[in-house]
Structures are given as C-alpha cells and as structure tokens.
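Each chain, written out:
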Amino acid sequence: MNLRRDVFQAIADPTRRAILLLLTTQSMTAGAIASNFDTARPTVSKHLQILTECELLKQEQQGREIYYHFNPKKMKEVSDFIEPFRQMWDDRFNKLESVMKNLKTGKK
Amino acid sequence: MEQKTKIHAEDGRQEIFITREFDLPLDLLFRAYVEADLVEQWMGTKVLQLESKKRGAYHFQTTGPNGNILFQSSGVIHDFVENKNITRTFEMENTPFPVQLEYLDFEKISDSTSKLTMHVIYKSVADRDAILKLPFAFGINLAHNRLQEIFKNVN
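This is a predicted model, so every value here is computed, not measured.

Here is what the cut-offs are and how they apply
- Residues numbered from 1 in each chain as written.
- Chains lettered and ligands numbered in written order.
- Predicted model: local features only at pLDDT ≥ 70, side-chain atom pairs only at ≥ 80, totals over all residues.
- Pairing = 2+ DSSP bridges.
- Helix = DSSP H or I, 4+ residues; strand = E, 2+ residues; numbered from the N terminus.
- Axes fitted to C-alpha atoms, helices over the stretch in contact; angles between N-to-C directions.
- Contact = placed C-beta atoms within 7 Å.
- Nonpolar A, V, L, I, M, F, W, Y, C, P; charged D, E, K, R; others polar.

1. Examining the sheet that holds strand β6 (residues 85-92) of chain B
All names here are of chain B. Pairing in this open sheet of eight strands is antiparallel, and the strands run β1-β2-β8-β7-β6-β5-β4-β3 from one edge to the other. Each edge of the open sheet is held by one strand with a lone partner, namely β1 (5-8) and β3 (46-50). Shown here is a sheet whose adjacent strand axes are inclined to one another by a mean of 20°, direction ignored. As defined by bridge partners, β3 adjoins strand β4 (residues 56-63) across four bridges and the pair is classed as antiparallel. Each residue of the ladder has a partner; that of Q49, found in β4, is H59. Against the sheet, helix α1 (residues 26-34) makes contact with β2 (15-22), β6, β7 (100-108) and β8 (114-121), and its axis sits at roughly 155° relative to β7, the strand it touches most. Its contacts with the sheet place helix α2 (residues 36-43) against β3 and β4, and it is angled at close to 145° to β3.

Written as structure tokens, this is what we have:
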C-alpha cells in the first residue's frame, strides 16, 4: 500500500514532534537523534523517513555523515505555526478569566 | 468570531505582543497575577515564591503525576505598579532558551472589562521563533513527559 505522507500525518505522532523540536535548534545525524530516545533505532529511522518524505526535515550530506535539519518553510504550511502558541495563551487566559469570575461570585 | 487572544509577531524581529481582553474588572485581572493561590489555579503550577513588588521575584514549578519536576520557571520583577504594569524577566530553567524580558500592561476598558498587553523581548530572532514553535512541536501541553529529558541532551 502506498500511503501518501502529509505534514499532518507527520506531526500526529509524539515522537515525531519531539524529533522536530530537537532539530529546531541544530542539525543532527540519525544516530545522535536516536540517542535521545528509548525507542529502537530502526523505529527512529522510520520516523525520520516519514518526516523527510513530507519535507519537514531535509537531509544534508557532510562528508560521510548525513545530517537532518528542520525545514521551517514546510512548517508554515501547517496553516500557521504560531496558532498553537496563541491557542496555549488563549486557554491559559480563559482559565484565568473563569478562576477570577468564580472568585467574584463566591465573594458576593 | 473575533479571537480574544491575539499574537502579533513580525517576521525578523525578536519581540512579540500578546493581547487579550478580559471580561473582568481591572483589579481582578491584576490580582490574578499577584496572589500566589490564584496564580496556582489558572497557571496550573506550584508557586514556590512570588514577591509581587519592585525588586521582587518569582519561582513556579510544574510536577508530573509521580511528583517529578516537569517544568520550572523563574524570574525577577523589575517594576511593579498596582493595576497598571509588571516588568519582569522569565526563564525556563534547565532549557537552552535564554532569559526573556516581559512588559505586562494592564488597562481598564470599562467597569467590567479590562485588557492585558504582554510585550515579550527575546535574546535573538532565532530564540523567539524557536519558542513560538514549542507548543506546535509538542501539542498544546508544554509539560510533556519527554521535555526535560530532551532538553538535558540538547544542553
């Protein structure tokens, strides 16, 4: 079966999201990435393959090593990468509002 | 429907603005930032220290189900004017992210509504962008089990 890889499928998995986070600040080899996870090396390779297929990661040959780096252009495709950040603050502020509203009604 | 919380982040700049209008009078909004037990309730974090005053400081801690520390943040309070503004630093401890500077402005809109503007300044454009991407990479929950582990290895 030939599954089409898309960005949303790629980020649905927590390990893949962790790999993306790891690579936001640096490029790394597959071995270095795998050393950050308890998961078996072939599983990490599979995750890297999926992330590469949907172009969230790019491979770059440096000497004998292949480095993976994050492709921010593709990230923008996921509507807007700031949206989850906004959502996080929105949730937090909604909580603030409800905590303070309860306080107000509790007092009166 | 218009969004209540807005993020203004211009490309290539090392700052962002977060604005939010609250269905709360100004003094209640401000209290939510000042009193430790209230901060604990809405931030979902333990408040180990909160000295809401000029030259004050704070220290928050989020623990996991087994009491293990998932996330710690702390900073110093540079300026504190009641019902008006708080200027503070913010640091996520044990992470590669540098300290950021936060200007919080509290404004009255009406007797029952108020507005908060957070102006956050990062060390660099790259640091800002990495932090903006964090919730994306992790789903909404920052207190992800692996966060600490991964950061330890990044360092």
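2. Topic: the sheet that holds strand β1 (residues 28-29) of chain A
All names here are of chain A. Pairing in this open sheet of three strands is antiparallel, and the strands run β1-β3-β2 from one edge to the other. Looking at strand neighbours, the two that pair on one side only are β1 and β2 (57-62), the edges of this open sheet. Where β2 lies against strand β3 (residues 65-70), six bridges are found, and the strand directions are antiparallel. Bridging across to β3, Q61 finds its partner in I66.

3. Brief notes about the interface of chain B and chain A
The partner chain A presents 27 residues to the 30 residues of chain B that form the contact. Of all the elements in the fold, those that place two or more residues in the side of chain B that touches chain A are β1, β2, α1, α2, α3 (125-138) and α4 (147-154) of chain B. Residues that form the side of chain B that touches chain A fall into these classes: 21 nonpolar, four polar and five charged.

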